[in-house]
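Take a look at the letters that make up each chain.
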Amino acid sequence: MTIAITGATGRLGGQVARALADLHPVLVVRDPAKAPELGGEVRQATYADGSACRAAFEGVDTLLLVSASESADRREQHRTAIAAAAEAGVRQVVYTSFVGAAADATFTLGRDHHDAEQAIRESGMAHTFLRDSFYADVLPFYADASGVIRGPAGEGRVAAVARADVADAAAAVLTDPAAHAGATYEMTGPEALTFAEIAERAGAVLGRALRFEDESEDEAYRWRREQYGAAQWQLDAWVSTYTAIRDGALARVSDDVRRLTGHAPRTLEEALASTSRLGARIDRG
Ligand SMILES: NC(=O)c1ccc[n+]([C@@H]2O[C@H](COP(=O)([O-])OP(=O)(O)OC[C@H]3O[C@@H](n4cnc5c(N)ncnc54)[C@H](OP(=O)(O)O)[C@@H]3O)[C@@H](O)[C@H]2O)c1
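Thresholds applied
Residues numbered from 1 in each chain as written. Predicted model: local features only at pLDDT ≥ 70, side-chain atom pairs only at ≥ 80, totals over all residues. Heavy atoms only, no water. Pairing = 2+ DSSP bridges. Helix = DSSP H or I, 4+ residues; strand = E, 2+ residues; numbered from the N terminus. Axes fitted to C-alpha atoms, helices over the stretch in contact; angles between N-to-C directions. Contact = heavy atoms within 4.5 Å. Expected span 1.5 Å × (residues − 1). Buried < 20%, exposed > 50% of the residue type's maximum accessible area, 1.4 Å probe, protein only. Arc of directions from axis to C-beta. Near = heavy atom within 4 Å. Polar contact = N/O pair within 3.5 Å; in protein donor to acceptor, adjacent residues only side chain to side chain. Areas by Shrake-Rupley, 256 points an atom, 1.4 Å probe, with all protein chains shown as cover. Patch = residues over 30% accessible without salt bridge, like charges linked within 9 Å, V, L, I, M, F, W, Y side chains within 5 Å. Salt bridge = Lys/Arg side-chain N within 4 Å of Asp/Glu carboxyl O. Lys, Arg positive; Asp, Glu negative; His and termini not counted. Charge placed at Lys NZ, Arg CZ, Asp CG, Glu CD. Core = buried A, V, L, I, M, F, W, Y, C linked by side-chain atoms within 4.5 Å.

**Focus on the sheet that holds strand β3 (residues 42-44)**
No. 1: The strand order across the open sheet built from seven strands is β3-β2-β1-β4-β5-β6-β9, with neighbouring strands paired in parallel fashion. Looking at the sheet topology across the chains shown, the edges are occupied by β3 and β9 (184-187). Neighbouring strand axes in the sheet, compared pairwise and without regard to direction, differ in orientation by 20 degrees on average.
No. 2: With four bridges connecting them, strand β4 (residues 62-65) and strand β5 (residues 92-98) associate as parallel partners. Paired with Leu64 across the bridge in β5 is Val94.
No. 3: Of the strands in this sheet, β1 (3-6), β2 (26-29), β4 and β5 touch helix α1 (residues 11-19), which is tilted by about 155 degrees from β1.

Rendered as structure tokens:
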């Protein structure tokens, strides 16, 4: 069985690749110079390039498709890569989706993940969806230079998941894909926390005073628009990160990490400890 892993130059894909190094997965990356050195085959492709993806997925049985970085045309990129996988004869796709992925999800990027799930379902390939919550080891880094996490999340709760747990779960699925064909798993942490709790607990681990400030949706849009001049889709993604939490869409705690990995999902503190260093770029999902 040949396994391929995309996003292997990133944190999640890189962790999965290292966990499965003994199975010699094919690493599909945009920049081979950045690929982890595991001794296996490295192929180059970006999702927007259908023919490069087709070539990169040739001979692959099981593909871990790590969702692309945020962009205005991410849906098309995913659809191109998924069509290429089907054409190349991939038998099963494991896709990193998002909790509550739906056409009308409050978190706007959750709608993109729904679109990708639909494309995979329609492709005829077997599939496993790992619907990730927000990453516990990313949320604290939404804080600004003065340690304030600001957004319209109110008292809403999020069962944020450690990226290391998503990596462990993906590795378990890729090791025995047939056992997980057709399954959708919810990747959450062990508890649902408010942003105020996340700020306090993460601050203690990071040695930094963090606090949460609630704001209205109008305020959230206004200052983000003024400060970053970002496109509307990007503003919607940023603001709906918080409103989705406020509205309870991320509050459910799932047992799927434990079921897949055999170990308890990492706490916020353990999630932060498992991420050595985060880069400056902070995607939402
Ligand atoms: N649930 C959440 O809270 C949350 C938070 C952040 C991200 N995410 C999603 O989860 C994914 C994995 O997270 P991560 O922490 O591992 O992110 P990461 O460290 O930024 O890695 C993303 C990986 O995907 C590759 N990639 C991005 N866009 C691509 C494209 N269009 N075509 C081919 N490869 C592409 C990147 O390649 P390069 O190295 O060439 O850039 C990198 O290897 C993210 O890409 C994002 O979709 C979810």
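**Some details on helix α7 (residues 217-228)**
No. 1: When the terminal C-alpha atoms of α7 are compared, their 16 Å separation across twelve residues agrees well with the 16 Å that a helix rising 1.5 Å per residue should span.
No. 2: Every buried residue of α7 is listed here: Ala220, Tyr221 and Arg224. Viewed along the axis of α7, the buried residues span an arc of 95 degrees, placing them on a single side of the element. Turned more than 90 degrees off the buried face of α7, the exposed positions are Asp218 and Glu226.
No. 3: Where α7 is buried, its residues meet β7 (148-151) and α8 (232-246).

**Points about the site of the ligand**
No. 1: Around the ligand sit 24 residues, and of these Thr9, Ser67, Gln77, Tyr135 and Arg163 come closest.
No. 2: Taking Lys34, its side chain carries an N or O atom lying 2.9 Å from an oxygen atom of the ligand.
No. 3: Contact distances for the ligand include 2.8 Å between an oxygen atom and a backbone N or O atom of Ala68.
No. 4: For the ligand, the accessible surface in isolation is 880 Å², of which the surrounding protein chains cover 93%.
No. 5: Of all elements in the fold, only α1 and α3 (74-88) reach the threshold of two or more residues within the shell around the ligand.

**Looking at a negative patch on the surface**
No. 1: Together, Glu155, Asp214, Asp218 and Glu219 make up a negatively charged patch on the protein surface.
No. 2: Mapping Glu219 onto the fold places it in helix α7.

**Points about the nonpolar core**
No. 1: Ile5, Phe57 and Met187 are the most contacted members of the largest nonpolar core, which has 53 residues in total.
No. 2: Residue contributions to this core peak at seven residues, all from helix α5 (residues 163-175).
No. 3: Non-local contacts of Met187, meaning those with residues more than four positions away in its chain, are made with Val99, Leu130, Arg131, Asp132, Ser133, Val161, Val166, Ala169, Asp256, Val257 and Leu260.
No. 4: In this structure, Leu109, Leu139, Ala162 and Tyr242 belong to the second largest nonpolar core, which totals 30 residues.

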